[in-house]
Amino acid sequence: STAKIPRRSFHFVVPCTDATLRLPAHDTSMRKRPNVHILWLKTELLHPLDKGGRIRTYQMLRHLVREHRITYLTLDDGQRDANAIQSAKEYCSDLICIPARTARRGTPRFYWQLARNLASSLPYSVGKYRSSSMEREITRLTRPGSVDLVVCDFLFPAVNMPTQVPIPMLLFQHNVEAMIWHRHAAVATNPLRRGYMHRQWRRMHAFERDQCRRFDHVVAVSPEDVAWFANAYGVRSLSHVPTGVDTDYFRPSYAVPSDPHNIVFTGSMDWLPNEDAVGHFADAVLPRITTAFPTATFSIVGRNPSPSVVALGHKHAAIHVTGTVADVRPYLERARVFVVPLRIGGGTRLKIFEAMAMEKAIVTTSVGAEGLPVHDGEHLLIADTPAAFADAVLRLLRDPPYATALGARAAALVRSRFGWQHAAEKFTEICLRTVNPSLPFDARTLVHTS
């Protein structure tokens with residue numbers, strides 16, 4: 001459908017008509033596919049590309065918009081990056097922003113919302129995105145003859161989906177959200193916090209299960225997540241797209257001086273699983289390392305570090321908290337070891353593929369490596385207790401040739417198999433088949449349906 005979508009004057013609307021001019025030439029293999037109009041639902045703009053979910057979404061959209069019309073409908077709390085609107089031309093044809101208010105963590109309004117959520121059936125991380133304006137706009141945009149497909153990117157915009165949507169709907173699940181909250185509850189030591197996390201888990205499980213069943217198709221990011229949605233939620237139509245990495249961008253320059261004593265973690269430091277990971281590493285793992293290797297240092301690199309993360313840099317002399325950086329690659333290249341001490345999470349970790357592409361020796365927990373086709377001892381080291389994790393890091397610090405060989409094998413794997421092009425092509429194929437199930441398709445794309 002190429003019908004003109006009427007505008008409403010009180011919404012901030014940006015036409016991105018020159019999107020394809022800023023993208024690579026069209027893939028000729030896509031030209032026989034029908035052009036479709038996709039309504040893409042999101043709770044944020046994508047730039048800066050400093051979070052795994054944003055990066056994955058960006059790569060899917062920049063491929064889709066070459067051949068198809070993308071109307072990107074998002075909430076906008078006014079805290080976006082200065083170039084976020086202009087940069088949207090890279091991944092959408094039309095942009096509609098709905099004004100929204102979200103409370104920053106640690107503010108009085110944030111705690112007031114947490115308290116008010118106690119009486120809600122929705123988990124807090126979903127309820128905070130409730131917007132009657134967004135629901136009305138979705139209703140308007142999905143009238144017959146307007147768009148061909150609705151893609152709900154992450155679970156959270158689904159809270160604004162109207163009761164009846166007369167066109168096909170696809171849910172893009174970057175994580176199993178309930179699993180994240182279940183793991184939060186499992187590692188919480190404070191009884192009140194554990195009780196709160198348990199309640200959030202139960203609410204998220206119910207909401208996620210119901211929403212997954214509601215959509216015509218669910219796309220996950222790993223075979224493990226597909227199995228979860230099928231077995232725990234009874235979802236009947238499922239696919240997965242692999243995790244990818246920009247192997248041209250993430251490549252060593254060999255111009256950054258190496259620090260043979262440095263350990264690094266990268267990630268959004270306003271995400272609770274990352275906050276838990278670096279806190280656990282600093283308290284339970286790093287002291288074991290510095291006792292045996294006193295010159296070891298630990299760099300925490302990522303946007304918006306919480307007060308508890310900032311405090312780690314004051315508490316431990318060996319820790320450096322950078323805050324937001326323009327480019328993580330120099331920090332990756334400088335370090336001897338990249339660590340992923342995650343205890344909480346879902347989906348897959350793009351940060352591991354980025355480190356692999358940078359030829360880094362990696363130590364991760366099993367949770368950190370979930371959903372990735374990597375093998376312990378071949379592409380990285382996997383350790384799940386503080387003692388084992390510390391021993392693995394020490395092995396890499398003490399044996400540079402071994403660390404170099406591990407990083408080289410990791411880089412060879414991602415460069416040969418996990419560029420973003422393949423993942424984006426699979427996602428496009430899934431979208432087209434959701435619109436028209438009779439289309440011919442690659443049988444490897446659809447992994448589960450009944």
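Anyway, here's the lowdown on the structure attached to this text. What you see is a predicted model; the values in this text were computed from it and never measured. (Residues numbered from 1 in each chain as written. Predicted model: local features only at pLDDT ≥ 70, side-chain atom pairs only at ≥ 80, totals over all residues. Heavy atoms only, no water.)

A short note on the overall build of the protein chain
Inference 1: When you go through the protein chain residue by residue, the secondary structure sums to 15 helices and 15 strands.
Inference 2: Taking all 450 residues of the protein chain together, 56% fall into the buried category.
Inference 3: Within the protein chain, contacts between residues at least 6 apart in sequence are counted, and of these 72% link residues at least 24 apart.
Inference 4: Of the accessible surface of the protein chain, which amounts to about 18800 Å², a share of 53% is contributed by carbon and sulfur atoms. (Helix = DSSP H or I, 4+ residues; strand = E, 2+ residues; numbered from the N terminus. Buried < 20%, exposed > 50% of the residue type's maximum accessible area, 1.4 Å probe, protein only. Contact = heavy atoms within 4.5 Å. Areas by Shrake-Rupley, 256 points an atom, 1.4 Å probe, with all protein chains shown as cover.)

Brief notes about the packing of helix α12 (residues 350–357) against helix α14 (residues 400–417)
Inference 1: At a closest axis distance of 7 Å, the pairing of α12 and α14 adopts a crossing angle of 110°. In terms of orientation, α12 and α14 fall into the roughly perpendicular class. Relative to α14, α12 is oriented so that their crossing is left-handed. Here α12 contributes F353, M356 and A357 to the contact with α14, which in turn contributes G407, A410, A411, L413, V414 and R415.
Inference 2: When the residues that make up the contact of α12 with α14 are grouped by side-chain class, the tally is seven nonpolar, one polar and one charged. (Axes fitted to C-alpha atoms, helices over the stretch in contact; angles between N-to-C directions. Parallel < 35°, antiparallel > 145°, perpendicular 65-115°, else oblique. Left-handed = near helix turned anticlockwise from the far one by under 90°. Nonpolar A, V, L, I, M, F, W, Y, C, P; charged D, E, K, R; others polar.)

A closer look at unusual backbone geometry
Inference 1: Residue P48 is reached from H47 by a cis peptide bond, and omega for that bond is 5°.
Inference 2: Positionally, P48 belongs in the loop between β2 (37–42) and α1 (52–64).
Inference 3: Of note, the phi angle at F154 is positive, near 75°, even though the residue is not glycine.
Inference 4: One non-glycine residue, E359, lies in the positive phi region at around 65°.
Inference 5: Within the secondary structure, E359 sits in the loop between α12 and β13 (361–364).

So, the sheet that holds strand β10 (residues 297–301)
Inference 1: Spatially, the six strands line up as an open sheet ordered β11-β10-β9-β12-β13-β14, and their pairing is parallel. Two strands lie at the open edges of the sheet, namely β11 (319–323) and β14 (381–382), each paired on one side alone.
Inference 2: Along the sheet, helix α13 (residues 386–398) contacts β9 (262–266), β12 (337–340), β13 and β14; its crossing angle with β13, the most-contacted strand, is approximately 175°. (Pairing = 2+ DSSP bridges.)

Digging into the packing of aromatic side chains
Inference 1: Per the counting criterion, the structure on display carries 14 aromatic pairs.
Inference 2: Taken together, the ring pairs connect W40, F172 and F427 into an aromatic cluster.
Inference 3: The aromatic ring of W201 is capped on one face by R202, whose charged end is 5.0 Å from the ring centroid.
Inference 4: Positioned above the aromatic ring of Y249, the side-chain terminus of R329 is 3.6 Å from the ring centre. (Phe/Tyr/Trp six-rings, centres within 6.5 Å; stacked < 30°, edge-to-face > 60°. Lys NZ or Arg CZ within 6 Å of the ring centre and 35° of its normal.)

Observations regarding the side chain of R349
Inference 1: Along the chain, the position of R349 falls in the loop between β12 and α12.
Inference 2: For R349, a relative accessible area of 3% corresponds to the buried category.
Inference 3: At 2.4 Å, the side chain of R349 forms a polar contact with the backbone oxygen of V367.
Inference 4: What R349 contacts, discounting residues up to four positions off in sequence, is L342, V367, G368, E370 and L372. (Polar contact = N/O pair within 3.5 Å; in protein donor to acceptor, adjacent residues only side chain to side chain.)

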